[in-house]
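Report on the structure
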Amino acid sequence: MSFSALRERPRAADDTVAVTVPPARRRRAHRDGSPWVAAAFAAPLVIYLVVFYLWPLVRSIDLSIHDYTVRAFVQGDAAFVGLDNYLAVISSPTFGPALANTAVFVVVSLLFQYAIGLGLAVFFRSHFPLSGILRGLFLVPWLLPLIVSGSTWSWMLNSDNGLVNSFLEAFGIGQINWLTSPDTAMTAVVIANIWLGIPFNLVILYSGLQNIPTELYEAASLDGAGPWRQFRSITFPLLRPVSAITLLLGLVYTLKVVDIIWIMTRGGPADATTTLAIWSYREAFGTGQPDLSPAAAVGNILIVIALVFGFVYLRAQRRQENS
């Protein structure tokens, strides 16, 4: 059939015409639509961050640079004072002891929580009968409401009829005023906080251990390495990234602990357990006359401390990735 005849032949009803879109046009159409799709997916997260993180942070900064009383808070006519609240907080005689108490509370809690959690994670890594049930029982402190945990520890450490003192007296140890003596009150709240934080460390570190290949342990056993050598040469180095994020999250959480200390000692006796978080809470809600601006200033100092450690972690993580 000639070309002219083919051109003049009428098209049948079932004839199809294939339309080919150039690849460049397809890529351009894909690029034109992708920003809107990405924005639609990111919008819920952005709204959540703005409403629950950015706006409270802005309000906290606003509280700290104005002189807010209850009346000024309601009427919205607080006087601008700049950094005066921060200077008043830092120069306060409570700041030094509160900062020291915060450091002791955070460091001791993190060390024991991590060490005990790591030991339990390694222990549960070797599966044995009832290991799942026992691992679930260790999560109970994490699941209990904090008011229940704090009240339970207050009863157990009661000086007169507490379970701990009764147990110590059975071994001939005299009465210890756990919650009413400035010498032992910090020890009491640290013990309670360690007990609360062990399940978190156990769960995260146990998950990290599952990602370490068992072939490494088998090869180490063939080379004659014992359990302690395997832990030093395999477990601990390969668990370092998980350990770092566990300690960072534990640090941020422990810095802002209020409930367990407030339930047990209310920051006393004689400010022996007053941390920066307790000081901020007490200034805002713990007295009959709320002092909102200094409380916000103390809270913002805590945020700065947490951010500093967060940036240190990110810098160390980036250096490790580059190396």
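Structure's up top.
Okay, so let's go over this structure. (Residues numbered from 1 in each chain as written. Predicted model: local features only at pLDDT ≥ 70, side-chain atom pairs only at ≥ 80, totals over all residues. Heavy atoms only, no water.)

Quick notes on the packing of aromatic side chains
Taken as a whole and judged by the stated rule, the model has 11 aromatic pairs. With a centroid separation of 5.1 Å and an interplanar angle of 40°, the aromatic rings of Tyr 48 and Phe 52 are classed as tilted. One end of the pair is Tyr 48 and the other is Phe 52, both in helix H2 (residues 23–64) and 4 residues apart, which spans about a single turn. Here the aromatic rings of Tyr 48 and Tyr 53 are separated by 5.8 Å at their centres, their planes lie at 65°, and the arrangement is edge-to-face. For Tyr 48, a relative accessible area of 41% corresponds to the partly exposed category. In this structure an aromatic cluster arises from ring pairing among Tyr 48, Phe 52 and Tyr 53. (Phe/Tyr/Trp six-rings, centres within 6.5 Å; stacked < 30°, edge-to-face > 60°. Helix = DSSP H or I, 4+ residues; strand = E, 2+ residues; numbered from the N terminus. Buried < 20%, exposed > 50% of the residue type's maximum accessible area, 1.4 Å probe, protein only.)

Section: the pattern of salt bridges
Taken as a whole and assessed by the stated rule, the structure comprises 2 salt bridges. Of the charged contacts in the structure, one is a salt bridge between Asp 62 and Arg 59, with a shortest N-O distance of 2.9 Å. On the criterion of helical spacing, the pair formed by Asp 62 and Arg 59 is a turn pair, its members being 3 residues apart in helix H2. Linking Asp 271 and Arg 282 is a salt bridge whose minimum nitrogen-to-oxygen distance equals 3.4 Å. Of the two residues, Asp 271 is situated in the loop between helix H14 (259–264) and helix H15 (276–285) and Arg 282 in helix H15; the sequence distance between them amounts to 11 residues. (Salt bridge = Lys/Arg side-chain N within 4 Å of Asp/Glu carboxyl O.)

What to know about unusual backbone geometry
A cis amide bond links Gly 268 to the next residue, Pro 269, at an omega of -10°. Secondary-structure assignment places Pro 269 in the loop between H14 and H15. Its identity as a non-glycine residue notwithstanding, Arg 266 has a phi of 55°, on the positive side. Mapped onto the elements, Arg 266 comes out in the loop between H14 and H15. Residue classification places Arg 266 among the exposed residues on the basis of a relative accessible area of 53%. Even without being glycine, Ala 270 reaches a positive phi, approximately 55°. For Ala 270, a relative accessible area of 71% translates into the label exposed.

Side note on the packing of helix H5 (residues 95–125) against helix H13 (residues 240–255)
Contact geometry for H5 and H13: axes closest at 10 Å, N-to-C directions at 140°. Along this stretch, H5 crosses H13, giving a crossing that reads as right-handed. Side by side, H5 and H13 meet where Thr 102, Phe 105, Val 106, Ser 109, Leu 110, Gln 113 and Tyr 114 of the first sit next to Ser 243, Leu 247, Gly 250, Leu 251, Thr 254 and Leu 255 of the second. Split into classes, the residues belonging to the contact of H5 with H13 amount to 7 nonpolar, 6 polar and no charged. (Axes fitted to C-alpha atoms, helices over the stretch in contact; angles between N-to-C directions. Left-handed = near helix turned anticlockwise from the far one by under 90°. Contact = heavy atoms within 4.5 Å. Nonpolar A, V, L, I, M, F, W, Y, C, P; charged D, E, K, R; others polar.)

Overview of the packing of helix H10 (residues 185–209) against H13
Axis separation between H10 and H13 bottoms out at 10 Å; the angle between their running directions is 155°. With respect to H13, the axis of H10 lies roughly antiparallel. Here H10 runs over H13; the crossing is right-handed. Contact residues: Asn 193, Phe 200, Asn 201, Ile 204, Leu 205 and Gly 208 in H10; Val 242, Ser 243, Thr 246, Leu 249, Gly 250 and Thr 254 in H13. (Parallel < 35°, antiparallel > 145°, perpendicular 65-115°, else oblique.)

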